[in-house]
Amino acid sequence: MSFGNPHETILEFLNSGNPDLQIPALYQLSDNLSFANDETLGDFPVHQIAIAILNCLNLNTNTEYIQSLAAKCMASFLNSHTRSTRALIENGALDLILQSLNNCMNIETIEQLL
């Protein structure tokens, strides 16, 4: 695993499919995004992060806890980076959000998605 660029490490962990790596990566991403803006996220891999967040939000492959963390990251992502909306929509966020709202039982996840 690479430890040079923190964004690359987060991406690697999110894409690992291993909840033991995904959970801390989602926490780290959420923390990074909560204090970020376009200027501080200059080298941020917007499209890759969008795909990774959406993969974690997928109801068919992840636990409710991971989905809840992914929804929180998505909300922070939308608030912190102007290109995030486009990246999420281009990668199927609207359909996935609709599916999540229809099928998710976790109120925290639903609140984050709204």
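For the structure itself, consult the block above.
Residues take numbers from 1 onward in each chain, read along the sequence in its written order. Only residues with pLDDT of at least 70 get local features here, since the model is predicted, and only at 80 or more are side-chain atom pairs given and counted; chain-wide, interface and lining totals rely on the full set of residues. The side-chain figures draw on all heavy atoms in the structure; neither hydrogens nor water molecules are used.

## Comments concerning the packing of helix 1 (residues 6-14) against helix 2 (residues 19-34)
Two numbers describe a pair of packed helices, the interaxial angle and the distance between the axes. Fitted lines through C-alpha atoms serve as axes, helices being fitted only where they are in contact, and the angles separating the N-to-C directions of these axes extend from 0 to 180 degrees. Only DSSP runs of H or I with at least four residues qualify as helices, and only runs of E with at least two residues qualify as strands; both kinds are numbered from the N terminus onward. Following both chains from N to C, one finds helix 1 and helix 2 inclined at 140°, their axes separated by 8 Å at the closest point. Looking at the two axes, helix 1 sits oblique to helix 2. Crossing angle aside, the handedness with which helix 1 passes helix 2 is left-handed. Residues I10, F13 and L14 of helix 1 pack against L21, Q22, A25, L26, Q28, L29 and N32 of helix 2. Across the contact of helix 1 with helix 2, the residue classes tally to seven nonpolar, three polar and no charged. Working rule for angles: under 35 degrees goes down as roughly parallel, over 145 as roughly antiparallel, 65 to 115 as roughly perpendicular, anything else as oblique. For a crossing to be left-handed, the near helix must be turned anticlockwise from the far one by less than a right angle; the clockwise case is right-handed. Here, two residues are considered to be in contact whenever any of their heavy atoms come within 4.5 Å of each other. The nonpolar class holds Ala, Val, Leu, Ile, Met, Phe, Trp, Tyr, Cys and Pro. Asp, Glu, Lys and Arg form the charged class, and all remaining residues, Gly among them, are polar.

## Observations regarding the pattern of salt bridges
Here, a salt bridge means any Lys or Arg side-chain nitrogen found within 4 Å of an Asp or Glu carboxyl oxygen. Taken as a whole, this structure holds one salt bridge when the rule is applied. Here E90 ties to R86 by a salt bridge, and the two come within 2.7 Å at their closest N and O atoms. Taken as a pair, E90 and R86 lie in helix 5 (residues 84-90) at a separation of four residues, close to a single helical turn.

## Concerning the nonpolar core
Counting 32 residues, the largest nonpolar core has L14, L26, L29, F44, I53 and F77 as the members making the most contacts within it. If you list the elements that add at least two residues to this core, you get helix 1, helix 2, helix 3 (46-57), helix 4 (64-80), helix 5 and helix 6 (93-103). Counting residues per element, this core draws most heavily on helix 3, at eight residues. Apart from the residues lying within four places of it in its own chain, the contact partners of L26 are L14, C56, I66, L69, A70 and C73. We call a set of buried residues a nonpolar core when its members are Ala, Val, Leu, Ile, Met, Phe, Trp, Tyr or Cys and they connect through side-chain atoms within 4.5 Å of each other. Buried residues are those whose accessible area, probed at 1.4 Å on protein chains only, stays under 20% of the maximum for their type, while exposed residues exceed 50% and partly exposed ones sit between those limits.

## Describing the packing of aromatic side chains
Aromatic pairs are defined between Phe, Tyr and Trp rings, using the six-membered ring for Trp, whenever the two ring centres lie within 6.5 Å; interplanar angles under 30 degrees are classed as stacked, those over 60 as edge-to-face, and all others as tilted. A full pass over the atoms with the stated rule returns one aromatic pair. Here the aromatic rings of F44 and F77 are separated by 5.9 Å at their centres, their planes lie at 55°, and the arrangement is tilted. In this pair, F44 is assigned in the loop between helix 2 and helix 3 and F77 in helix 4, connecting sequence segments 33 residues apart. Take F77: its relative accessible area is 0%, and that puts it in the buried class.

## Here's the deal with the side chain of H7
Within the secondary structure layout, H7 lies in helix 1. Among the residues examined, H7 registers a relative accessible area of 10% and is labelled buried. Beyond its immediate stretch of four places on either side in the chain, H7 contacts D43, F44 and P45.

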